[in-house]
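Here's the letter readout for the chains.
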Amino acid sequence: METRITQLLGIEHPIIQGGMAWVAEYHLAAAVSNAGGLGIIGAASAPPQVVREQIREAKKLTDRPFGVNVMLMNPNAPEVAQVVVEEGVPVVTTGAGNPGRLIPIWKEAGVKVIPVVASAAMARMMERAGADAVVAEGNESGGHIGELTTMTLVPQVVDAVHIPVIAAGGIADGRGFAAAFMLGAEAVQMGTRFVAAVESIVHPNYKERIIKAKDIDSEVTGRSTGHPIRVLRNQMSREYLKMEKEGAGLEELEVLTLGSLRKAVMDGDVKGGSLMAGQIAGLVKQENTCAEIIDEIMEHAEKLLKL
Ligand code: TUI
């Protein structure tokens, strides 16, 4: 299937893997790119040198294009932005903030820039700043989220900008893909489905929680702090929400969340860890390879869209 996104990125299928902190390392990114999508290395809070190593390892595993996600809450973001340029990475996505000051550096180096946005206003601002496309991410997503749902956000962003729009949040199969295209998207970005991929290095306990999750098993922590994060309900999220209700401050709450994503991903701590996942986790029933995931989605979506 060809869209402005497959043409822009030189990829076979309009499926992008989310740049998830800790999860989106080079094995996963290379597997998604080798399967014809766009794999993404999530720089998250990693030091610039670690991001450089991740990029070099991914290059050993794939000849196809892959990207890096720059998380803008990371104080090192400008240095990571420079590493992306030096390593010749063809595309960046950004999250959790406004990448405005970094866009000129990337554009000058010929890097394609795809900010993640949670509103039409932000999408318009990014288009004016020179973005090549945007990811419109609804609050069904896991991790750091905005206010609007995918169903409402995507068509409003599509109408607000001329650049192509990638839909994210709540998409994990061919139906979600086709629905996103009906809303005007020209690609989808998926996170949760790829967390449970065979090539994902996430601890088996975390994958099992996703595979066993029901529709209503996620909740949002941090609404009171201005950093809403969607996770699968567990001891950590229950304690966090209880403390939030009791009016706890950011410092007290941070004790619970510091290092908690790492605990979930690396140690498999499904009680005290932060099990970031989207509302669509209930639809993810088994571990599949990235190629199986992408082929299944494309086959079903093409039927639904009668291509
Ligand atoms: O960035 C994400 N999702 C994330 S980042 C992340 S790392 C983290 N870990 C622990 C605590 C906090 C963060 C986990 N999940 N998604 C992309 C995204 N960006 N969603 C929403 C936004 C967004 C929000 C506001 C983008 C721009 C924006 O603009 C505000 C501004 O600065 O104008």
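Residues numbered from 1 in each chain as written. Predicted model: local features only at pLDDT ≥ 70, side-chain atom pairs only at ≥ 80, totals over all residues. Heavy atoms only, no water.

Along the backbone of the protein chain there are 14 helices and 11 strands. For the protein chain, the C-alpha radius of gyration of 18 Å lies close to 19 Å, the compact-globule estimate for 307 residues. Taking the principal axes of its C-alpha atoms as reference, the protein chain extends roughly 50 × 40 × 40 Å. In the protein chain, 61% of the contacts between residues at least 6 apart in sequence involve partners at least 24 apart. About 13,000 Å² of surface is accessible on the protein chain, with carbon and sulfur atoms providing 53% of the total. The positive charge centre, built from 29 side chains, and the negative charge centre, built from 37, are 3 Å apart in the protein chain. (Helix = DSSP H or I, 4+ residues; strand = E, 2+ residues; numbered from the N terminus. Rg over C-alpha atoms; globule rule 2.2 N^0.38 Å. Contact = heavy atoms within 4.5 Å. Areas by Shrake-Rupley, 256 points an atom, 1.4 Å probe, with all protein chains shown as cover. Lys, Arg positive; Asp, Glu negative; His and termini not counted. Charge placed at Lys NZ, Arg CZ, Asp CG, Glu CD.)

Time to look at the packing of aromatic side chains. Taken as a whole, this structure holds 1 aromatic pair when the rule is applied. Taking 4.4 Å as the distance between ring centres and 10° as the angle between the ring planes, the aromatic pair formed by Phe177 and Phe181 counts as stacked. Of this pair, Phe177 and Phe181 both sit in helix α8 (residues 174–182), separated by 4 residues, roughly a single helical turn. With respect to class, Phe177 is no different from Phe181; both count as buried. (Phe/Tyr/Trp six-rings, centres within 6.5 Å; stacked < 30°, edge-to-face > 60°. Buried < 20%, exposed > 50% of the residue type's maximum accessible area, 1.4 Å probe, protein only.)

For the rest of this paragraph, the subject is the packing of helix α2 (residues 26–34) against helix α3 (residues 48–61). Where α2 contacts α3, the axes come no closer than 9 Å and their chain directions differ by 40°. By crossing handedness, the relation of α2 to α3 is classed as right-handed. Judged by residue contacts, Tyr26, His27, Ala30 and Asn34 of α2 engage Gln54, Glu57, Ala58 and Leu61 from α3. Residue composition of the contact of α2 with α3, grouped by class: 4 nonpolar, 3 polar and 1 charged. (Axes fitted to C-alpha atoms, helices over the stretch in contact; angles between N-to-C directions. Left-handed = near helix turned anticlockwise from the far one by under 90°. Nonpolar A, V, L, I, M, F, W, Y, C, P; charged D, E, K, R; others polar.)

Attention shifts here to the environment of Gln49. Mapping Gln49 onto the fold places it in helix α3. A residue is classified by how much of its surface remains accessible, and Gln49, at 45% relative accessible area, is partly exposed.

Bringing helix α6 (residues 120–128) into the picture now. Where α6 is concerned, the buried positions are Ala120, Met122, Ala123 and Met126. End-on view of α6: buried residues confined to an arc of 160°, all on one side of the axis. Elements in contact with the buried residues of α6: α5 (103–108), β5 (112–117), β6 (134–137) and α7 (150–160). Remark: Gly130 follows α6 within two positions and exhibits a positive phi of approximately 110°. (Arc of directions from axis to C-beta.)

The subject of this paragraph is the sheet that holds strand β7 (residues 143–144). Taken together, 3 strands build an open sheet; the order of strands is β7-β11-β10 and the sheet is antiparallel. Of all the strands in the sheet, the pair left with one neighbour each is β7 and β10 (218–221). In the sheet, β10 pairs with strand β11 (residues 229–232) via 4 bridges, with the strands oriented antiparallel. Note on β11: the bridge partner recorded for Thr221 is Ile229. Its contacts with the sheet put helix α11 (residues 235–245) on β10 and β11, and the angle it makes with β10 is roughly 45°. (Pairing = 2+ DSSP bridges.)

This next bit is on the nonpolar core. In this structure, Ile15, Val68, Trp106, Phe177, Phe194, Tyr206 and Ile210 are the most contacted members of the largest nonpolar core, which totals 81 residues. Setting aside its immediate chain neighbours within four residues, Phe194 contacts Ile15, Ile16, Gln17, Leu28, Val32, Ser200, Cys290, Ile293 and Ile294. Core analysis: the next-biggest nonpolar cluster, separate from the first, contains 14 residues, Leu9, Ile40, Val116 and Ala133 among them. (Core = buried A, V, L, I, M, F, W, Y, C linked by side-chain atoms within 4.5 Å.)

Moving on: the side chain of Thr62. Looking at the secondary structure, you find Thr62 in the loop between α3 and β3 (66–71). The buried category is assigned to Thr62, whose relative accessible area is 5%. A polar side-chain atom of Thr62 sits 3.0 Å from the main-chain amide nitrogen of Arg64. When neighbours within four sequence positions are excluded, Thr62 is seen to be in contact with Ala30, Ser33 and Asn34. (Polar contact = N/O pair within 3.5 Å; in protein donor to acceptor, adjacent residues only side chain to side chain.)

With that out of the way, let us pick up the site of the ligand. As a matter of local geometry, the ligand sits amid 13 residues, with Ala96, Gly97, Val116, Glu137 and His144 nearest to it. Contact between the ligand and His144: a nitrogen atom at 2.9 Å from a main-chain N or O atom of the residue. About the coverage of the ligand: the protein hides 70% of its 720 Å² of free accessible area. For the shell around the ligand, a count of residues per class yields 7 nonpolar, 5 polar and 1 charged. (Near = heavy atom within 4 Å.)

This part is about unusual backbone geometry. In this structure, Ala44 is a non-glycine residue whose phi angle is positive, near 45°. Mapped onto the elements, Ala44 comes out in the loop between β2 (39–42) and α3. In this structure, Ala96 is a non-glycine residue whose phi angle is positive, near 60°. By the element assignment, Ala96 lies in the loop between β4 (91–95) and α5.

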